[in-house]
Each structure stands twice: as C-alpha cells, then as structure tokens.
Amino acid sequence: MNAVLEERASQVCRLGEEPFAMVCNRPSLAGAVSQRACVFCGSRVVLYPIADALHLVHGPIGCAVYTWDIRGALSSGPQLHRMSFSTDLKEKDVIFGGENKLAASLDELIPQYTPKAVFVYSTCIVGLIGDDVDAVCRKAEERFGIPVIPVHSEGFKGNKRAGYSAACQALMRLVGKGSTEGIGPLSVNILGDFNLAGEIWIVRGYLEKMGIQVVANVTGDGRVEDIQRCHGARLNLVQCSGATMEFARMLQERYGIPCIRVSYLGIEDMADSLYKVADFFAAQDPSLRERTAQLVRTELEWLLPRLAELRRDLEGKRAALYVGGSFKAFSLVKAFRHLGMQSVVVGSQTGTTEEYEELAGICDPGTILVDDANPLELAAFLEEKKVDVFVGGVKERPIAYKLGIGFCDHNHERKIALEGFVGMYNFAKEVHASTMSSVWKIMPRKGYKPPFLDKEGCHV
Ligand code: SF4
C-alpha cells in the first residue's frame, strides 16, 4: 500500500533507493492531518518555560487548552508558567473585537500574579479580526512598568518554525535590559533546552564541574532577569537549533556573542558538546580540557557496563523516530547504535534541507526519511519496516500502540531525564522496557501472530 499522498511524495526519501532530494519547510498539505503543530504552538513551546513570566493566550479557550502545560518544563522556583491564562474569545468578541477583553485580562492578572514580564500570544482568530495587540501591550506596559510583550504567532500564518521565529523576536525584547555585573570570562547561555524532566540541571551540573558559569537558561527553568542580562555571556550553547538558532544569530549580530550547536542526548554528542565548550575557552583556561576529559571518563566508566547489559536483549532490533526538530534525530540514531539497534524510519516536523542532508549521511541505506508526516504514512512505514520500538511524542504514542509496537516518549510529555550520560542510561532502560515488554506476547505487532496463538488469536 502506498500511504504517501502524491503531493507529499517529494517529502519522503528512501536512502540508497533514489537520489537524495528532500523537500521540507513547506506548509502542511491542506486536508491531510499533519503531526505538526501550528505557529502559535511553536512560539508557546519556546517561551513557555520562562517560569516567572505570565503567559496569556489571546484567543478562544481551545488554543490555551491545546498548549496547557505543553512542555511540562520544570522550574526550580516559580511555577507561574504552568498556568494557562486565556482571554477566552467568544463570538461576540469576534464581531466587536477583543482588544477591550485583552486589556481587562491584563488589568486583572498582572496585579494578582505580579509577574516579571508578560507574553501575549496572538492566535488565528486574532489575526483574522485584526486586534491591535501591540497597542494594548504597549499601554499595559506603561500602566504596570513591566515588559508586556506581544508574540505574533497567529496559528495559520506558516508552520511551527514561524512560531519559533516569533518567540525569538519576543525574547529579544527582553535582552539588554539587565546589568551584566558579575559575569566572568568563562560564561555561557543555554539555549534550546526545555528542562522537560529536570535535564537542564544535569547539564548545568557538568558545566559547573568544569568551571563554566551559566548566565541564563533561556528556554528551560528560565527567568526574566537572567534573560535580560544574557548579553553578558561569552558563548551561546544552542541545542534545539530549529527553535533558538535565530535567537543565537540575533545575539551574535547585536552583541557579538558566538554560538556553537550542541546536543546533550547520547554519548558522543554529550561528550562532544562538553569538549566543544572546553576548546572554545582553552585560551582563557588551558586546564579546562583535562578537567572535561576527567568528567567524561568518570561518567563513561559508570555508564558503559550498564548499557552492555541492556544491549544483550536489544541487539538487532529496529527503531523508528519522529521528532520535532531533526537535530535531535542525529543523537537518537547514534544512541540506538550503542544499543545495537538500527533506525529504519527517521522523520521530523521542522527539519531543514541541511539537517536532512546531514541525517542522510549518518543513516543506513534503506532508511526512510520523512518530513511533516501524517498518522497514516507513519503507520504504513512502521509496518513496512517491521519496527520494534517507536520514539516520538504524544501524537505518535497511539500509532505505536495500535500497531502493537513499543513506544518511548522523547518529547514534551516525558517525565524521565534523557539528557546527559545518566539520561542515556534512562533512555536505554525505557527502550528496553518498552521493546521487551511481555505485553507484546498477548498484544503482538499487527500482522504477526506468536506461535502460541491460534488463527482467532486464542491461546492454543
Ligand atoms: S492558533 Fe489557530 S491553529 Fe493554533 S491552536 Fe489556535 S486555532 Fe488552532
């Protein structure tokens, strides 16, 4: 069965079977249910973890509910980000405009919650009725003396990447407003890590052991005041490049801060990221590389024997992955190799041409690469490739379970830290538990009948 719609054929590539020419970053096909999130959702996931800001969704209640606690991003202090405030626009507001309701919401919420800043998200309907959100925010900023920042994220105006861009522009409205006093020469900002299961604390721990100062966790366990002074850091570490590379570029252009791309997932990428930081600051601190090597050695001595145990069961199994940004996919492909597993389907919502080219370079021949997939395509690929475990997010979980395939949540809703060396071990344990679960003996993969079941699926 060919589950790929004709209009989407150029967004799927089978490595080695055809010339590599992936099309990506184009609007989702009208009428086909996309796994991809909207512009508003894209901006919300980037800004949401700023924990002492008030996040107000200007739109119908459905937009706010859709993104309520979307990252589950953990905070070491305030929890204001986990509320999902909305102006709850109704038919009457669509006809007469929602500006008064927005102003009234700000007047009610700001004194009650005393946030350090407010982000006001424009949704589809606000773009349609043409509310002047900028003007309402400007006046509220004058009234309350805190930043009230409009986020131009009308859901229909592009794809999730446009939401990332809107979020980066909103973030830049904060930068440069704080004092850079106390920021040393070995200092970094962490961009594109969302602290989903407290992972930013693992990464900060490594950096601090190396002697690196972290000025701002821009997108995870974030604080307004840290972001306001993040222009004082000497280096930006960009993990989720789709979400925050634009912000890093703006910091480079305006403040001359260079950036490096990093990944905290998997063994090589975690170690490489720490070494990249050590090399960057080598001139200021020549002993930094040795300290980093010692840290990596200690972690690996602990990790590798544990992985070897799990690998015994997983060797030869097949994995599929569908992630938000394709940069994460590189690390996952490598992580599966450590477990003796092959990645046979690799897809993302927002990959760029360069990222897909890089993926094609590290994946095995026969791997299906897919951009902006829909559930039917994914299900067909999983069946075709006889996948044992599917790694994805909340929208991919039911696809896996309906087909009788193990699933590992690697997205917003995960509760287990998967970054760092300890995260690699947690990931391996998750994959092992899901793939090897005895539930697949009584609920086997679609199209496969274990020998102990008869034709009707009853035990013989
Ligand atoms: S902004 Fe538009 S596309 Fe996004 S959730 Fe709201 S209505 Fe849906």
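Residues numbered from 1 in each chain as written. Predicted model: local features only at pLDDT ≥ 70, side-chain atom pairs only at ≥ 80, totals over all residues. Heavy atoms only, no water.

A.B. asks: So what exactly am I meant to see when it comes to the overall build of the protein here?
C.D. replies: Along the protein, the regular secondary structure elements total 18 helices and 14 strands. Here the C-alpha atoms of the protein give a radius of gyration of 23 Å, agreeing with the 23 Å that 2.2 N^0.38 yields for 460 residues. Seen through its principal axes, the protein has C-alpha atoms that stretch 75 × 65 × 40 Å. Evaluated residue by residue, the protein yields a buried proportion of 58% over its 460 residues. Across the protein, contacts joining residues at least 24 apart in sequence account for 72% of those joining residues at least 6 apart. In the structure as shown, the protein presents an accessible area of about 19000 Å², 54% of it carried by carbon and sulfur atoms. Charged side chains in the protein number 52 positive and 56 negative. The centres of these two groups are separated by 2 Å. (Helix = DSSP H or I, 4+ residues; strand = E, 2+ residues; numbered from the N terminus. Rg over C-alpha atoms; globule rule 2.2 N^0.38 Å. Buried < 20%, exposed > 50% of the residue type's maximum accessible area, 1.4 Å probe, protein only. Contact = heavy atoms within 4.5 Å. Areas by Shrake-Rupley, 256 points an atom, 1.4 Å probe, with all protein chains shown as cover. Lys, Arg positive; Asp, Glu negative; His and termini not counted. Charge placed at Lys NZ, Arg CZ, Asp CG, Glu CD.)

A.B. asks: Can you help me understand the sheet that holds strand β2 (residues 53-58) in this one?
C.D. replies: Pairing between sheet strands relies on hydrogen bonds along the backbone, with the strands arranged either parallel or antiparallel. If you trace the four strands from one edge of the open sheet to the other, you get β3-β2-β4-β5, paired in parallel fashion. Strand pairing shows two members of the sheet lacking a second neighbour, β3 (85-86) and β5 (148-151), which therefore form its edges. Inspection of the sheet shows β2 paired to strand β4 (residues 117-122) by six bridges, in the parallel sense. When the sheet's bridge partners are listed, Leu 56 is paired in β4 with Val 120. Packing of helix α4 (residues 99-113) onto the sheet brings it into contact with β2, β3, β4 and β5, and relative to β2 it is tilted by some 160°. Along the sheet, helix α6 (residues 133-144) makes contact with β2, β4 and β5, crossing β5 at roughly 170°. (Pairing = 2+ DSSP bridges. Axes fitted to C-alpha atoms, helices over the stretch in contact; angles between N-to-C directions.)

A.B. asks: Just to check I follow, could you spell out the site of the ligand for this structure?
C.D. replies: Near the ligand, the surroundings consist of Cys 38, Phe 40, Cys 63, Tyr 66, Thr 123, Cys 124 and Gly 155. Here the shell around the ligand is built from residues that sort into five nonpolar, two polar and no charged. (Near = heavy atom within 4 Å. Nonpolar A, V, L, I, M, F, W, Y, C, P; charged D, E, K, R; others polar.)

A.B. asks: I would appreciate a short explanation of a nonpolar patch on the surface in the present structure.
C.D. replies: There is a patch of nonpolar side chains on the surface, built from Ile 61, Val 65 and Trp 68 and spanning about 320 Å² of accessible area. Looking at Ile 61, the relative accessible area reads 44%, which means it is partly exposed. (Patch = residues over 30% accessible without salt bridge, like charges linked within 9 Å, V, L, I, M, F, W, Y side chains within 5 Å. Salt bridge = Lys/Arg side-chain N within 4 Å of Asp/Glu carboxyl O.)

A.B. asks: So what exactly am I meant to see when it comes to helix α1 (residues 39-47) here?
C.D. replies: Structural remark: α-helix, 3.6 residues per turn; residues separated by three or four positions point the same way. Counted residue by residue, α1 has nine buried out of nine residues, so it is predominantly covered. Taken as a whole, α1 has its buried residues at Val 39, Phe 40, Cys 41, Gly 42, Ser 43, Arg 44, Val 45, Val 46 and Leu 47. Considering only its buried residues, α1 is in contact with β2, α2 (61-66), β4, β5, α7 (160-172) and α10 (241-255).

A.B. asks: So what exactly am I meant to see when it comes to the pattern of salt bridges here?
C.D. replies: Think of it this way: side chains of opposite charge can pair up when their charged atoms draw near. Applying the stated rule across the entire model yields 20 salt bridges. Asp 88 is the partner of Lys 90 in a salt bridge, and the nearest nitrogen-oxygen pair spans 3.0 Å. With a closest N to O distance of 3.5 Å, Arg 397 and Asp 409 form a salt bridge. Of this pair, Arg 397 sits in helix α16 (residues 397-403) while Asp 409 sits in strand β14 (residues 406-409), and the two are 12 residues apart along the sequence. Judged by relative accessible area, which is 31%, Arg 397 ranks as partly exposed. Judged by relative accessible area, which is 11%, Asp 409 ranks as buried. Residues participating in the shared-partner salt-bridge network are Glu 199, Arg 414 and Glu 419.

A.B. asks: How should the environment of Ala 293 be read in this particular structure?
C.D. replies: In this structure, Ala 293 sits in helix α12 (residues 288-314). Here Ala 293 falls in the buried class, since its relative accessible area comes to 13%. Spatially, the C-alpha atoms of Ala 293 and Gly 242 are 29 Å apart, while their sequence positions differ by 51 residues.

A.B. asks: Teacher, can you tell me more about the pairing of strand β10 (residues 318-323) here?
C.D. replies: In the case of a regular strand, side chains alternate between the two sheet surfaces. Most of β10 is tucked away, with five of its six residues classed as buried. Traced from β10 through helix α13 (residues 326-338) to strand β11 (residues 342-348), the parallel crossover comes out right-handed. (Right-handed = clockwise from strand over helix to strand, strands pointing away.)

A.B. asks: Can you help me understand the pairing of strand β7 (residues 213-217) in this one?
C.D. replies: With four of its five residues buried, β7 lies for the most part within the structure. Here strand β6 (residues 187-191) runs beside β7; their pairing, made up of four bridges, is parallel. By the bridge assignment, Asn 189 is partnered in β7 with Ala 216. As a crossover connection, the stretch from β6 through helix α8 (residues 199-210) into β7 is right-handed.

A.B. asks: Please explain the packing of aromatic side chains as it appears in this structure.
C.D. replies: Aromatic rings in a pair are described by how distant their centres are and how their planes are angled relative to each other. Under the counting rule described, the total for this entry stands at nine aromatic pairs. Ring geometry for Phe 336 versus Phe 427: centroids 5.4 Å apart, planes at 65°, classification edge-to-face. With Phe 336 in helix α13 and Phe 427 in helix α17 (residues 420-435), the pair connects residues that are 91 residues apart, well separated along the chain. Pair check on accessibility: Phe 336 and Phe 427 agree, each one buried. Taking the centre distance of 6.1 Å and the plane angle of 75° together, the rings of Tyr 401 and Phe 407 count as edge-to-face. On the basis of relative accessibility, which here comes to 37%, the residue Tyr 401 falls in the partly exposed class. Phe 407 sits in the buried class, given a relative accessible area of 3%. Just above the ring of Tyr 121 sits the side chain of Arg 44; from NZ or CZ to the centre is 5.5 Å. (Phe/Tyr/Trp six-rings, centres within 6.5 Å; stacked < 30°, edge-to-face > 60°. Lys NZ or Arg CZ within 6 Å of the ring centre and 35° of its normal.)

A.B. asks: How should unusual backbone geometry be read in this particular structure?
C.D. replies: Excluding glycine, most residues fall at negative phi; most peptide bonds, likewise, are trans. The backbone phi angle of Thr 114 is positive, close to 40°, even though this residue is not glycine. Relative to the helices and strands, Thr 114 resides in the loop between α4 and β4. With relative accessibility at 62%, the residue Thr 114 sits in the exposed group.

A.B. asks: Whenever I open this one, the environment of Val 214 confuses me. Can you help?
C.D. replies: Here Val 214 is to be found in strand β7. The exposure class assigned to Val 214 is buried, which follows from its relative accessible area of 8%. Note: C-alpha distance between Val 214 and Leu 15 (199 residues apart in sequence) is 40 Å. If we ignore the near neighbours within four places in the chain, the residues touching Val 214 are Val 188, Ile 190, Arg 204 and Leu 207.

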